Amino acid sequence: MNFALFSEYATGVDLCLFDHRPGGHQIARMAVTENTDHVWHIYLPEARPGLRYGYRVHGPYGPEQGHRFNPAKLLLDPYARAIDGPVLWSEALFGYTIGDPAEDLSRDDRDSAPSMPKSVVADTAFTWGDDRPPRVPWDQTIIYEVHVKGFTARHPDVPEALRGTYAGLVTPPALEYLRQLGVTAVELLPIHQFVTDKHLQDRGLSNYWGYNSIGFFAPEIRYAASRQLAGQVTEFKTTVKKLHEVGIEVILDVVYNHTAEGNHLGPTLCFRGIDNTSYYRLTEQQRHYMDYTGTGNTLNMMHPRILQIIMDSLRYWILEMHVDGFRFDLASTLARELHDVDRLGSFFDIIQQDPVISQVKLIAEPWDLGEGGYQVGNFPALWAEWNGLYRDTVRAFWKGDEGQAGVFASRLTGSSDLYGRGGAPPLCEHQLRDRPRRFHPERPGDLQRQAQRGEWRGQPRRRRSQPLVE
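For the structure given in this document, a descriptive report is provided here. Values in this document were obtained by computation on a predicted structure and should not be read as measured data.

About the criteria used
Residues numbered from 1 in each chain as written. Predicted model: local features only at pLDDT ≥ 70, side-chain atom pairs only at ≥ 80, totals over all residues. Heavy atoms only, no water. Helix = DSSP H or I, 4+ residues; strand = E, 2+ residues; numbered from the N terminus. Buried < 20%, exposed > 50% of the residue type's maximum accessible area, 1.4 Å probe, protein only. Contact = heavy atoms within 4.5 Å. Areas by Shrake-Rupley, 256 points an atom, 1.4 Å probe, with all protein chains shown as cover. Pairing = 2+ DSSP bridges. Axes fitted to C-alpha atoms, helices over the stretch in contact; angles between N-to-C directions. Expected span 1.5 Å × (residues − 1). Phe/Tyr/Trp six-rings, centres within 6.5 Å; stacked < 30°, edge-to-face > 60°. Lys NZ or Arg CZ within 6 Å of the ring centre and 35° of its normal. Arc of directions from axis to C-beta. Left-handed = near helix turned anticlockwise from the far one by under 90°. Salt bridge = Lys/Arg side-chain N within 4 Å of Asp/Glu carboxyl O. Core = buried A, V, L, I, M, F, W, Y, C linked by side-chain atoms within 4.5 Å.

**Thoughts on the overall build of the chain**
Then, number 1: When you go through the chain residue by residue, the secondary structure sums to 14 helices and 19 strands.
Then, number 2: Looking at the chain residue by residue over its 470 residues, the buried ones come to 56%.
Then, number 3: Counting contacts in the chain only where the partners sit at least 6 residues apart, residues at least 24 apart contribute 71% of the total.
Then, number 4: About 20,500 Å² of surface is accessible on the chain, with carbon and sulfur atoms providing 51% of the total.

In structure tokens:
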């Protein structure tokens, strides 16, 4: 098996292997000596599914220059398909010495491995059988937002061992409930591996919602009923397959705009220690982070390798996990080039041209916390949008606020003031049905194969972004 890690400014990389004892005992540490185009790589012919590992990355520690390398800190693999265990908060997880007057300008050399979850080599084998994406047309789509844990955590008809899990989501009582609702898609709140913030844990709380990702390829282990190492991967695939069997699509709420490492005083868990200046957007002083998300950091969408990891992640969830679409959290952040939101930016261009990602449902939360971040009605073709004004108007109308009847009617009939600026009418069923397509693959894998054969010519562009009810 080949292990690879991108780091442009590292001076060295070590691959560390761990046994299966609680916390993990380091059983091997190997210098990664091969470097191709800033990708450090090593081949281990004996590596097998279930192997637990992590990286230590060498380089300068100089926050004023944006560098925060510290080989004492074990780092997760950004491409890990599975992650074993939660973050066990300790001062060793921070690259600097907690309590030092110099704050993050100091350096902490304690080993963080005992407190860190480990990346896991996952077994990707799975029998999909005749699984086919439901491909429900937009005009017939009814999306039900679901929290994997909360949906069945107290369901009396779901076996207790399966409550709050991926498996619980597709038990007969849960599926029957979804069928009675008449929904055509479940939009799962974030299921990428995420971190419970230290300040929450210190107060006896947890991060319930999951908007704190640390692994863009790894299903959250805490939602798995399986106790097998990396069993969450197979369990999630089984969940998707069973939902497809009853005609329900799976849409993921994805958080690519920031990570769980927070601001300059946050922990060193992955990206910060691998290559801080490449993965994150930094201020001119380099020590601090641009924050368009309200979480302390923002991923650097102007770097080609960071764009690549996001596109690779999206393709992975489509081709390997068979999901049917994505809802992008704070999508305006992903479209920022220098500072402004750019509807012609690299992120949109790549998705528009990608033969796999462009074929699934794409939904934007069309705002962030930065200046000019409210972009409702401005997203390009292929994209549907949450309509924040629809949400606000319906709430006001339901409360009985005065003077809402006219604006409520406008929102209910498509918000032409937001989405009809180009003169295009709302899309309806016959418009979608009558548009010619070069091909209509039944399985996600067909997209990839036809693209490789040069048969793909792109999906005809929709005339505008579509509004969705939040």
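**Let's talk about the sheet that holds strand E5 (residues 39-43)**
Then, number 1: Across the sheet, 3 strands lie side by side as E1-E5-E4; this open sheet has antiparallel pairing. Unpaired on one side and paired on the other, strand E1 (2-6) and strand E4 (34-36) mark the two borders of the sheet. Strand after strand, the sheet turns through a mean of 30° between neighbouring axes, direction not considered.
Then, number 2: Strand direction decides the pairing type here: E4 and E5, joined by 3 bridges, are antiparallel. Within E5, the residue paired with Glu34 across the bridge is His41.

**Focus: helix H10 (residues 388-399)**
Then, number 1: An ideal rise of 1.5 Å per residue puts 16 Å on 12 residues; H10 measures up with 17 Å between its terminal C-alpha atoms.
Then, number 2: Burial in H10 covers these residues: Gly388, Tyr390, Thr393 and Ala396.
Then, number 3: For H10, the secondary structure elements touched by its buried residues are strand E18 (383-386) and helix H11 (405-412).
Then, number 4: Residue Gly400 follows H10 closely and has a positive phi angle near 90°.

**Things to note about the sheet that holds strand E9 (residues 82-84)**
Then, number 1: Reading across the sheet, the 5 strands line up as E3-E2-E6-E10-E9 and stay open at both edges, with antiparallel pairing between neighbours. Of all strands in the sheet, those bounded by a partner on one side alone are strand E3 (26-32) and E9. Each adjacent strand pair in this sheet contributes to an overall mean axis angle of 35°, direction not counted.
Then, number 2: Sheet analysis places strand E2 (residues 12-18) next to strand E6 (residues 52-58), joined by 7 bridges and oriented antiparallel. For Leu17, the partnering residue across the bridge sits in E6 and is Tyr53.

**Some thoughts on the packing of aromatic side chains**
Then, number 1: Counted by the stated rule, this structure contains 31 aromatic pairs.
Then, number 2: Ring geometry for Tyr53 versus Tyr55: centroids 6.1 Å apart, planes at 85°, classification edge-to-face. Like Tyr53, the residue Tyr55 is buried in the burial classification.
Then, number 3: Taken together, the ring pairs connect Phe6, Phe216, Tyr256, Phe271, Tyr279, Phe326, Phe328, Phe347, Phe348, Phe379 and Trp383 into an aromatic cluster.
Then, number 4: In this structure, Lys361 packs its charged tip against the face of Trp138, placed 5.2 Å from the ring centre.

**Describing helix H3 (residues 172-181)**
Then, number 1: Within H3, the full set of buried residues consists of Ala174, Leu175 and Leu178. All buried residues of H3 lie within an arc of 95° about the axis, which places them on one face of the element. Counted as exposed and oriented over 90 degrees from the buried face of H3: Pro172, Arg179 and Gln180.
Then, number 2: Each element contacted by the buried residues of H3 is listed here: strand E11 (143-146), helix H1 (148-152), helix H2 (166-169), strand E12 (185-188) and helix H5 (231-245).
Then, number 3: Phi for Gly182, located one or two positions after H3, is positive at around 85°.

**Focus: the packing of helix H7 (residues 304-319) against helix H9 (residues 346-353)**
Then, number 1: At their nearest, the axes of H7 and H9 sit 11 Å apart, and the two run at 35° to each other. Here the hand of the crossing between H7 and H9 comes out right-handed. For the pair H7 and H9, contact is made by Leu307, Ile310, Met311 and Leu314 and by Ser346, Phe347, Ile350 and Ile351, respectively.

**Details of the pattern of salt bridges**
Then, number 1: Following the criterion strictly, the structure yields 24 salt bridges and no others.
Then, number 2: A salt bridge links Glu91 to Arg110, with the nearest nitrogen and oxygen atoms 3.4 Å apart. Of this pair, Glu91 sits in the loop between E9 and strand E10 (118-120) while Arg110 sits in the loop between E9 and E10, and the two are 19 residues apart along the sequence.
Then, number 3: Owing to a relative accessible area of 39%, Arg110 belongs among the partly exposed residues under this scheme.
Then, number 4: Asp202 is the partner of Lys198 in a salt bridge, and the nearest nitrogen-oxygen pair spans 2.9 Å.
Then, number 5: Taking relative accessible area as the criterion, Lys198 reaches 30% and is therefore assigned partly exposed.
Then, number 6: Among the charged side chains, a network of salt bridges with common partners joins Arg68, Glu103, Asp104 and Arg287.

**Comments concerning the nonpolar core**
Then, number 1: Ranked by size, the top nonpolar core spans 108 residues in total, and within it Phe326, Phe328 and Phe347 carry the most contacts.
Then, number 2: Setting aside anything within four residues of it in sequence, one finds Phe328 in contact with Val254, Tyr256, Leu314, Leu334, Phe347, Ile351, Leu362, Ile363, Ala364, Glu365 and Trp383.
Then, number 3: With 11 residues, the next largest nonpolar core counts Trp138, Leu330, Val376 and Tyr419 among its residues.

**Topic: unusual backbone geometry**
Residues apart from glycine generally show negative phi values, whereas peptide bonds are mostly found in trans.
Then, number 1: The backbone of Gln286 shows a phi angle near 75°, a positive value even though the residue is not glycine.
Then, number 2: On the secondary structure map, Gln286 appears in the loop between helix H6 (271-279) and H7.
Then, number 3: For His322, which is not glycine, the phi dihedral falls at a positive 65°.
Then, number 4: Residue placement: His322 occurs in the loop between H7 and strand E16 (325-328).

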